Amino acid sequence: MDELIRKNQELSAILHISRVLTSSFDLEKNLHSVMEFLAGQLEMQHGCVFLLDRISRELRIVAAYGLTQGEIERGKYRIGEGIVGRVIETGQPMFVPNIGDEPKFLNRTDSRPRKSGISFLCHPIGLDGHIMGVISVDRIYNEVRGNVDDDLRVLTIVASFIAQFVTLWEHHQRTEQECGHLRSQLRDRFDLSNIIGDSPAFQQVLKLVRKVAATDTTVLLLGESGTGKELIAQTLHYKSRRSKASFVAVNMAALPENLIEAELFGVEKGSFTGATARRVGRFESAHEGTIFLDEIGELPLNLQVKLLRVLQERRFERIGSSESVSVNVRIIAATNRNLLEEVKKGNFREDLYWRLNVVPIELPPLRDRPEDIPVLLDFYVNKFNLMYNRHVRFDPTAVEQLTAYGWPGNVRELANSVERLVIMAEKDVIDGGELPFRMALTASKPVPIVNEPVPRDVKLGDEIERLERNHIVRALKEHGGIQQQASRVLGLTPRQLGYRIKKYGIDPREI
Ligand SMILES: Nc1ncnc2c1ncn2[C@@H]1O[C@H](COP(=O)(O)OP(=O)(O)OP(=O)(O)O)[C@@H](O)[C@H]1O
Ligand SMILES: [Mg+2]
């Protein structure tokens, strides 16, 4: 009977300790609670958890019961030193029946004036053969109270719990550290000082960005490809009080239409889609942070309704669930389409448009602000010089030509071109004559369709792509560049056509 009661107590004690260790990630607090609790259970005089310091290779007390702060600070051992040091060296538990009779017992904490009669139990803390510390207990045994085997068994279990907790804790520390490091890198990267543009038009944009960054307003970013919509979206996030939470970007054009809903709102386990695990949607991942809905103009009409509700109520349901999830997210959307035009054509809901259009920020294309081009060239030449360890610069004729160029791909094209030029430059000074632009411009002209014989070494896939591109360019030309009409004759959905225009880099000016 006694045995049964004792076993029961042992089990409850173990359960309690496992709860304490999973209650938080506070190493010292959790271990201290464990020792306090063990003290009551094992009637111990003292108890300590020692962990091995990775750098000094010294064991130091992380949590103790029955010791003063001074005693804790004195309790340091090297590997192999004293009983504690011996246990870590051998990885084997040790029992000293009477510390008064044991010369190896160093009593370094100086906390045991009356040594005689006290026993000492010491158990390694380890996981997968890696010993990271030691747990020790002092107690007094007599005929009626205490049994060394029982105590050792409890210590073995507690030590293994502690080992798992410490391993998790170390992981957690490392991840937190890395996250903090990355976050500060991101904050630097999206600092306003890295957004370049002196023109009045661009300064107007920056003024607006500064004004709305700190607020929670929905922002709609408008502008051609490569004008900096995503850059501004990220800057808005990292400048806001949400910067510690996630910035989650979802590109509506990059996702197949039938997957957008699951991606945005998540899927409940066991839903009709046959999901075997719950999948968290992007809205949930962005909780407390910012969600960036890129290419919002590509959102299918049926999902526009669902999004409208999220904008109004900040709640939605996962696919296959009737329970609604509520989120706290800031919404930033972007598009390179004329959304009002899309509303007129019936492709975009008007109510959604007005909900998104709270603060529109229009990013002007580079051709409307040529005065920004020299500063951008300067910024990117410095950046790539640093990256590739070069000392390239543009002479005034090159700057002049580059400023006169139309940059259909805007800042993205400019950045890529400068990178290429820095890498390829044979001399440190690039002059106008060395610029490959005449060449670049011819390359982007449509290839005329002729029945030329196909060379033997051309791959079929490449040839099909070339044909496809030509057909698309021709259809667009025939329909005055109106994608809706061109897609119909091509037998493509507007979405498929949009994707191909991007894929083949078809420039509106070709048409
Ligand atoms: N004002 C700027 N100063 C410095 N770099 C910029 C600026 N604007 C854009 N960039 C850079 O140009 C590149 C393209 O910008 P971004 O991806 O934000 O464009 P986008 O408008 O989202 O284009 P798309 O519509 O094609 O997705 C990025 O590398 C970005 O850092
Ligand atoms: Mg973008």
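Residues numbered from 1 in each chain as written. Chains lettered and ligands numbered in written order. Predicted model: local features only at pLDDT ≥ 70, side-chain atom pairs only at ≥ 80, totals over all residues.

Side note on the overall build of the chain
From N to C terminus, the chain includes 19 helices and 15 strands. Expressed as lengths along the three principal axes of its C-alpha atoms, the size of the chain is roughly 105 × 60 × 55 Å. Of the contacts formed within the chain by residues at least 6 apart in sequence, a portion of 66% connects residues at least 24 apart. (Helix = DSSP H or I, 4+ residues; strand = E, 2+ residues; numbered from the N terminus. Contact = placed C-beta atoms within 7 Å.)

Side note on the environment of Ala398
Within the secondary structure, Ala398 sits in helix H14 (residues 396-404). Exposure remark for Ala398: the 20 C-beta atoms within 10 Å place this residue in the buried category. In this structure, the C-alpha to C-alpha distance between Ala398 and Val87, residues 311 residues apart in sequence, is 73 Å. Ignoring any residue separated from it by four or fewer positions in sequence, one finds Ala398 in contact with Ile430, Asp431, Gly432 and Leu435. (Buried ≥ 20, exposed ≤ 12 C-beta atoms within 10 Å, placed from the backbone.)

A closer look at the sheet that holds strand E3 (residues 76-78)
The strands that make up a sheet are held in pairs by hydrogen bonds between backbone atoms, and each pair lies either parallel or antiparallel. Here six strands make up an open sheet; going across it, the order is E3-E2-E1-E6-E5-E4 and the pairing antiparallel. Of all the strands in the sheet, the pair left with one neighbour each is E3 and strand E4 (94-96). Neighbour to neighbour, the strand axes of the sheet diverge by 20° on average, direction disregarded. One ladder, built from three bridges, connects E4 with strand E5 (residues 118-127); its direction is antiparallel. Looking across to E5, one finds that Met94 is bridged to Cys122. (Pairing = 2+ DSSP bridges. Axes fitted to C-alpha atoms, helices over the stretch in contact; angles between N-to-C directions.)

Structural notes on the nonpolar core
Grouped together as the largest cluster of nonpolar side chains are 38 residues, with contacts concentrated most on Met35, Val49, Phe50, Val84, Val134, Val158 and Ile162. The greatest single-element share of this core, amounting to seven residues, is contributed by helix H5 (residues 148-189). Membership of the second largest hydrophobic core comes to 36 residues, among which are Leu220, Val329, Ile332 and Leu352. (Core = buried A, V, L, I, M, F, W, Y, C linked by C-beta atoms within 7 Å.)

As for the site of ligand 1
The environment of ligand 1 is made up of 15 residues, and the closest members are Ser225, Gly228, Lys229, Glu230 and Val411. Contributing elements (two or more residues each) for the shell around ligand 1: helix H7 (229-238) and helix H15 (410-424). The residue makeup of the shell around ligand 1, split by class, is five nonpolar, seven polar and three charged. (Near = placed C-beta within 6 Å. Nonpolar A, V, L, I, M, F, W, Y, C, P; charged D, E, K, R; others polar.)

As for the packing of helix H17 (residues 460-478) against helix H18 (residues 483-490)
Where H17 contacts H18, the axes come no closer than 8 Å and their chain directions differ by 130°. Between H17 and H18, the angle falls in the class oblique. The interaxial crossing formed by H17 with H18 has right-handed handedness. Seen from H17, the contacting residues are His471, Ile472, Ala475 and Leu476; seen from H18, they are Ala486, Val489 and Leu490. Grouping the amino acids of the contact of H17 with H18 by side-chain chemistry returns six nonpolar, one polar and no charged. (Parallel < 35°, antiparallel > 145°, perpendicular 65-115°, else oblique. Left-handed = near helix turned anticlockwise from the far one by under 90°.)

Description of the domain arrangement of the chain
One frequently used descriptor of interface size is the decrease in accessible area upon assembly of the parts. Assigned domains within the chain: domain 1 (2-173), domain 2 (190-270 + 277-364), domain 3 (367-443) and domain 4 (460-510). Relative to domain 3, the C-alpha centre of domain 2 lies at a distance of 32 Å. Contacts between the two partners involve twelve residues from domain 2 and, on the opposite side, twelve residues from domain 3. Of the residues contributing to the side of domain 2 that touches domain 3, the split by class is four nonpolar, six polar and two charged. (Domains from an automatic or database assignment.)

Here's the deal with the sheet that holds strand E12 (residues 330-335)
Sheet architecture is open: five strands sit in the order E8-E9-E12-E7-E13, paired in parallel fashion. Of all the strands in the sheet, just strand E8 (247-251) and strand E13 (359-362) have a single pairing partner and so form its edges. Sheet twist, expressed as the mean angle between neighbouring strand axes with direction ignored, is 20°. Two elements, strand E9 (residues 290-294) and E12, share four bridges in a ladder whose sense is parallel. Among the inter-strand pairings, Ile291 is bridged to a residue of E12, identified as Ile331.

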